[in-house]
Amino acid sequence: MKLISKSTAAAISASALLLLQACGGSTTTQNTNGDNTAKPAQTTQEEQTTFYLLPSPEDIFAFSADKLKYSAALLNPTSQAETYVDTKAREINFGVYVADMAYAAALGENTDAAKYMQTIKETSTQIGLESIFTNALISRIDKYIENKDSLKAIANDTYYDIKKELEKNNRNSTIAQISAGGWVECMYIITNSIEQFSEKDPNIQHVADEKNVFSSLIKYLGQHTDKPGVTNTLRDLKPIEEAYARLPLVDAAPSNTKSSSEDAIVIGKDKKIQINEDNFNLLKARISQVRQTLTGNK
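The subject of this paragraph is the overall build of the protein chain. What the protein chain contains, in helices and strands, is 11 helices and 4 strands. When burial is assessed residue by residue, the protein chain has 47% of its 298 residues classed as buried. Of the contacts made within the protein chain by residues no fewer than 6 positions apart, 74% connect residues no fewer than 24 positions apart. By element, 47% of the accessible surface of the protein chain is carried by carbon and sulfur atoms, the whole surface being about 15,000 Å².

Attention now moves to the nonpolar core. Within the largest apolar cluster, 73 residues are counted, with the highest numbers of intra-cluster contacts made by Trp-183, Leu-237, Ile-240 and Tyr-244. Counting residues per element, this core draws most heavily on helix H4 (residues 87-106), at 12 residues. Other than its neighbours up to four places away in sequence, Tyr-244 contacts Trp-183, Met-187, Val-207, Ala-208, Glu-210, Lys-211, Phe-214 and Leu-283.

What follows covers the packing of aromatic side chains. Under the definition given, this model contains 6 aromatic pairs. Ring centres of Trp-183 and Phe-214 lie 5.0 Å apart, and the angle between their planes is 40 degrees; on these two criteria the pair is classed as tilted. Remark: Phe-214 occurs in helix H9 (residues 202-222) and Trp-183 occurs in helix H8 (residues 172-191); sequence separation between them is 31 residues. Taking 5.6 Å as the distance between ring centres and 35 degrees as the angle between the ring planes, the aromatic pair formed by Phe-214 and Tyr-244 counts as tilted. Pair noted here: Phe-214 is in helix H9 and Tyr-244 is in helix H10 (residues 230-244), with a separation of 30 residues, a long-range link. Pair check on accessibility: Phe-214 and Tyr-244 agree, each one buried. Within the aromatic cluster, the residues linked to one another by ring pairs are Trp-183, Phe-214 and Tyr-244. Here the guanidinium or amino end of Arg-291 rests over the ring plane of Tyr-188, the centre of that ring lying 4.1 Å away.

What follows deals with helix H5 (residues 110-124). An α-helical turn contains 3.6 residues, so a residue and the one three or four places further along point in the same direction. Helix length check: H5 (15 residues) gives 21 Å between terminal C-alpha atoms against 21 Å at 1.5 Å per residue, within 8%. Here H5 has its buried residues at Asn-110, Asp-112, Ala-113, Tyr-116, Met-117, Thr-119, Ile-120, Thr-123 and Ser-124.

To continue, consider the packing of H4 against H8. At their nearest, the axes of H4 and H8 sit 7 Å apart, and the two run at 45 degrees to each other. Between H4 and H8, the angle falls in the class oblique. Considering how the two elements wind past one another, H4 and H8 form a crossing that is right-handed. In this structure, H4 uses Lys-88, Glu-91, Ile-92, Phe-94, Gly-95, Val-96, Ala-99, Asp-100 and Tyr-103 to contact H8, whose residues at the interface are Thr-174, Gln-177, Ile-178, Ala-180, Gly-181, Gly-182, Glu-185, Cys-186 and Ile-189.

This next bit is on the environment of Ile-194. Relative to the helices and strands, Ile-194 is located in the loop between H8 and H9. Between the C-alpha atoms of Ile-194 and Leu-68, which are 126 residues apart in sequence, the distance is 7.9 Å. Setting aside residues up to four positions removed in sequence, Ile-194 forms contacts with Asp-201, Asn-203, Ile-204, Val-207, Phe-280 and Lys-284.

The next thing to look at is the pattern of salt bridges. Tallied over the full model, the rule gives 10 salt bridges. Linking Arg-171 and Glu-91 is a salt bridge whose minimum nitrogen-to-oxygen distance equals 4.0 Å. With a gap of 80 residues between them, Arg-171 in the loop between helix H7 (148-168) and H8 and Glu-91 in helix H4 connect regions that are remote in the sequence. Judged by its relative accessible area of 6%, Glu-91 is buried. Between Asp-251 and Lys-271 there is a salt bridge, with the nearest N and O atoms lying 2.6 Å from each other. Of this pair, Asp-251 sits in strand E1 (residues 249-251) while Lys-271 sits in strand E4 (residues 271-273); the two residues are 20 residues apart in sequence, bridging distant segments of the chain.

Below, the discussion takes up the environment of Leu-237. Here Leu-237 lies in helix H10. Between the C-alpha atom of Leu-237 and that of Ile-218, which follows or precedes it by 19 residues, the distance is 8.4 Å.

Let us now look at unusual backbone geometry. Backbone geometry places Asn-170, a non-glycine residue, at a positive phi of 55 degrees. The topology assignment puts Asn-170 in the loop between H7 and H8.

All right, on to the confidence of the model for the protein chain then. Per-residue pLDDT for the protein chain averages 77, and the proportion of residues at 70 or more is 72%. Every residue in residues 1-53 scores below 50 in pLDDT, and together they form 87 contacts with partners more than four places removed in sequence or on other chains. Here residues 257-268 scores under 50 on pLDDT; set against residues more than four positions off or in separate chains, the count is 15 contacts.

What counts, and where the lines are drawn
Residues numbered from 1 in each chain as written. Predicted model: local features only at pLDDT ≥ 70, side-chain atom pairs only at ≥ 80, totals over all residues. Heavy atoms only, no water. Helix = DSSP H or I, 4+ residues; strand = E, 2+ residues; numbered from the N terminus. Buried < 20%, exposed > 50% of the residue type's maximum accessible area, 1.4 Å probe, protein only. Contact = heavy atoms within 4.5 Å. Areas by Shrake-Rupley, 256 points an atom, 1.4 Å probe, with all protein chains shown as cover. Core = buried A, V, L, I, M, F, W, Y, C linked by side-chain atoms within 4.5 Å. Phe/Tyr/Trp six-rings, centres within 6.5 Å; stacked < 30°, edge-to-face > 60°. Lys NZ or Arg CZ within 6 Å of the ring centre and 35° of its normal. Expected span 1.5 Å × (residues − 1). Axes fitted to C-alpha atoms, helices over the stretch in contact; angles between N-to-C directions. Parallel < 35°, antiparallel > 145°, perpendicular 65-115°, else oblique. Left-handed = near helix turned anticlockwise from the far one by under 90°. Salt bridge = Lys/Arg side-chain N within 4 Å of Asp/Glu carboxyl O. pLDDT = per-residue confidence, 0-100.

Next comes the structure, spelled out in structure tokens:
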């Protein structure tokens with residue numbers, strides 16, 4: 001699974017300083033003696049850039065789109081949007097709806113994708129993101145509504161435009177909350193699309209490998225526990241964290257696979273996150289449990 005898309009790469013260069021300041025705090029501190037000498041930041045650079053290791057919903061579904069069957073029943077109904085009245089619920093479920101839009105777009109269900117884009121637009125005003133949905137964006141959606149690839153690109157671009165707008169205003173806790181909602185919804189859709197466990201199913205290994213992404217998400221949320229609602233989100237995600245803790249890192253037999261070059265051989269990684277049927281079923285159940293907690297929708 002690719003972790004950083006073209007849009008992210010562009011965002012990194014444009015907002016790296018903002019991100020470092022927002023996640024790590026100021027690079028200077030003032031002591032009681034009035035000394036303004038620069039002090040090392042308390043947060044490491046690795047922690048400061050954690051968010052950029054979190055894939056967008058479109059990136060997550062890109063791995064599975066050609067292996068999943070579309071099911072509108074897995075989406076969070078747009079009618080639920082009016083039930084989210086506090087900031088945490090609105091931010092979390094904004095991320096949920098972004099994931100639903102990305103899922104529909106990735107599988108070519110353009111009518112549903114457009115419906116969820118409209119819900120995102122309507123709810124954006126509740127969390128101060130109405131400026132994202134310009135007339136130019138709406139015109140672009142209307143123009144390419146029947147084009148699967150264009151709509152996927154619009155969905156991904158919108159996700160990163162939202163992220164950049166929040167970064168610009170130092171609202172990194174909101175990014176964390178939206179990311180949490182989006183990640184849970186993505187994994188809810190994928191795990192509930194898998195009808196039968198098989199160790200050879202790449203989607204199941206993909207679910208296991210998301211342990212690393214989930215760990216980055218938890219770390220990113222942990223950097224913003226001083227903000228309202230974030231501690232509660234970490235508590236809500238605890239059942240998933242406990243389920244992932246059961247998945248060990250084991251030695252993996254090297255796999256020889258052909259690359260895009262005719263003669264090149266790619267040697268697979270020597271470690272992998274192992275998942276068996278019991279652990280998959282537990283993880284699936286925990287993700288569904290957390291998703292219900294976050295959305296209020298069974």
